Amino acid sequence: MTTAALGAVTASLLFAGTGPAEAATASGQISVKQYVALGDSYAAGTGLSPQTDAECKRSSGSYPSWIAQTYKPAVFKDVTCSGATTRSLWNKQGSSAPQVNALTKDTDLVTVTLGGNDLGFSDVLTTCVLAGLTTREGTPCRDELLRGGKNLDADFAKLSTRVPDMLTDIKQRSPKARVVVVGYPNLFPADGSTCGSSVPLAKGDVTWLNQTTNRLNLLLETAAHLKQVDFVGTSSVFQGKDMCRSSSEQWINPLLPQTPGSAHPNAVGHLMIALEVYGRLGK
């Protein structure tokens, strides 16, 4: 079965109420009344149609929207926004209010995907593409970032305190909520040798970027365990579905041609993330 066919079948099952979401609901007696989705472009569904918020590049095809469509909460607040960092929880982002403003004492489900922009991942990818256009050998991107003063270790150190603070605040504002931290999918394979012209990165940089994503997910998972909230990893389900695969097998959009959804999950990718969340909620 092709990826497109798999997505269509799964979607039809979910909307018919006979798919994995219903099974999770039945086994775990899940009832969601007030759901708040927090996060960045990986939660907002950036690049998908139709858009529901042009400024935040938010789409109704995102994994939070799948969750809301399935559990049908009386209140659904999606405040995810492209470019959001952990600081966007407490500060305005453009015309958007701080994301924590959506939380109330009656919120009973919160999903959150944040952290990538704290590491400047978008700028890192831009640097890596430019470096990869000159050579596909070694780690020219990582080397260029180091020469330019980029200190990922320091960025990770800051994030390791911000994420627990973020989860503490969410729990204080919504003490009855089940909080689910959703990790980032791996955009690249561990071995970059299979990447073509749509992913113009040096082999060593592909491996390094993959390792950096794993490091970020480990940080998020560790913080989730520390604060006794749920963590949903997406690395295993996306294995073999990265942007370096053939177009029929990709769940991640490639870097080129450049679009708003480049390096982000496609429609099937968001559906599969939602399924992983359903599975966790059913436990």
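Below or above, wherever it landed, is the structure these notes cover. Here the structure is a predicted model, which means the values were calculated and not measured.

## Quick notes on the state of the cysteines
No. 1: All told, the structure shown has three disulfides when counted by the stated rule.
No. 2: Here C56 engages in a disulfide with C81; their sulfurs sit 2.0 Å apart. Taking the sign of the S-S torsion, -85° for the link of C56 and C81, the bridge is left-handed. Of this pair, C56 sits in the loop between β2 (51-53) and β3 (58-59) while C81 sits in the loop between β4 (75-78) and β5 (109-113); the two residues are 25 residues apart in sequence, bridging distant segments of the chain. When sorted by exposure, C56 lands in the same class as C81, which is buried.
No. 3: Each sulfur of the disulfide joining C195 and C244 lies 1.9 Å from the other. Across the S-S bond linking C195 and C244, the dihedral sits near 75°, which makes this disulfide right-handed. A residue pair is termed long-range when its members are at least 10 positions apart, and C195 in the loop between β6 (178-182) and α8 (203-226) and C244 in the loop between β7 (230-232) and α9 (267-281) qualify at 49 residues.
No. 4: Its relative accessible area of 10% is what places C244 among the buried residues.

## Considerations on the nonpolar core
No. 1: Counting 76 residues, the largest nonpolar core has I67, L167, L187, F188, L201, L209 and M243 as the members making the most contacts within it.
No. 2: Of the residues forming this core, the biggest block, nine residues, is contributed by α9.
No. 3: With sequence-adjacent residues up to four places away left out, L187 is seen in contact with Y42, F121, L125, D242, M243, I252 and A263.

## Remarks on the packing of aromatic side chains
No. 1: Under the definition given, this model contains four aromatic pairs.
No. 2: For the ring pair Y42 and Y184, a centre distance of 5.3 Å and an interplane angle of 70° mean the geometry is edge-to-face. Placement of the pair is Y42 in helix α3 (residues 41-44) and Y184 in the loop between β6 and α8, with a sequence separation of 142 residues. With respect to class, Y42 is no different from Y184; both count as buried.
No. 3: Seen in terms of ring centroids, F238 and W251 are 5.4 Å apart; in terms of plane orientation they differ by 90°. Their pairing is edge-to-face. Note that F238 is positioned in the loop between β7 and α9 and W251 in the loop between β7 and α9, a separation of 13 residues in sequence.
No. 4: When its relative accessible area of 2% is taken as the criterion, F238 is described as buried.
No. 5: A relative accessible area of 5% places W251 in the buried class.

## Here we look at the side chain of N210
No. 1: Tracing the sequence through the fold places N210 in helix α8.
No. 2: At 2.9 Å, the side chain of N210 and the side chain of N186 are in polar contact.
No. 3: Every residue in contact with N210, bar those within four places of it in the chain, is listed here: N186, F188, P189 and A190.

## Examining the layout of surface pockets
No. 1: Of the voids in this model, the largest pocket is the one considered here, and its volume is about 570 Å³.
No. 2: If you trace the largest pocket, you find 29 residues lining it, with S122, L125, S262, A263 and H264 closest to the centre.
No. 3: Going through the elements one at a time, α3, α5 (121-132) and α8 are the ones with two or more residues in the lining of the largest pocket.
No. 4: With five residues, the top contributor of residues to the lining of the largest pocket is α5.
No. 5: Residues of the lining of the largest pocket, tallied by class, amount to 13 nonpolar, 14 polar and two charged.

## What to know about the pattern of salt bridges
No. 1: Evaluated as defined, the whole model comprises 13 salt bridges.
No. 2: For K241, the salt bridge is made with E249, and the minimal N-O distance between the two is 2.4 Å.
No. 3: R245 is the partner of D242 in a salt bridge, and the nearest nitrogen-oxygen pair spans 3.2 Å.
No. 4: Bridged by salt links that share partners, the residues D53, R58 and D78 form one connected network.

Rules behind the numbers
- Residues numbered from 1 in each chain as written.
- Predicted model: local features only at pLDDT ≥ 70, side-chain atom pairs only at ≥ 80, totals over all residues.
- Heavy atoms only, no water.
- Disulfide = S-S within 2.5 Å.
- Helix = DSSP H or I, 4+ residues; strand = E, 2+ residues; numbered from the N terminus.
- Buried < 20%, exposed > 50% of the residue type's maximum accessible area, 1.4 Å probe, protein only.
- Core = buried A, V, L, I, M, F, W, Y, C linked by side-chain atoms within 4.5 Å.
- Contact = heavy atoms within 4.5 Å.
- Phe/Tyr/Trp six-rings, centres within 6.5 Å; stacked < 30°, edge-to-face > 60°.
- Polar contact = N/O pair within 3.5 Å; in protein donor to acceptor, adjacent residues only side chain to side chain.
- 1 Å grid on protein atoms, 1.4 Å probe; cavity = no way out; pocket = protein on both sides within 12 Å on 5 of 7 lines; lining within 4 Å.
- Points joined across faces, edges and corners; volume = space filled by probe spheres on them.
- Nonpolar A, V, L, I, M, F, W, Y, C, P; charged D, E, K, R; others polar.
- Salt bridge = Lys/Arg side-chain N within 4 Å of Asp/Glu carboxyl O.

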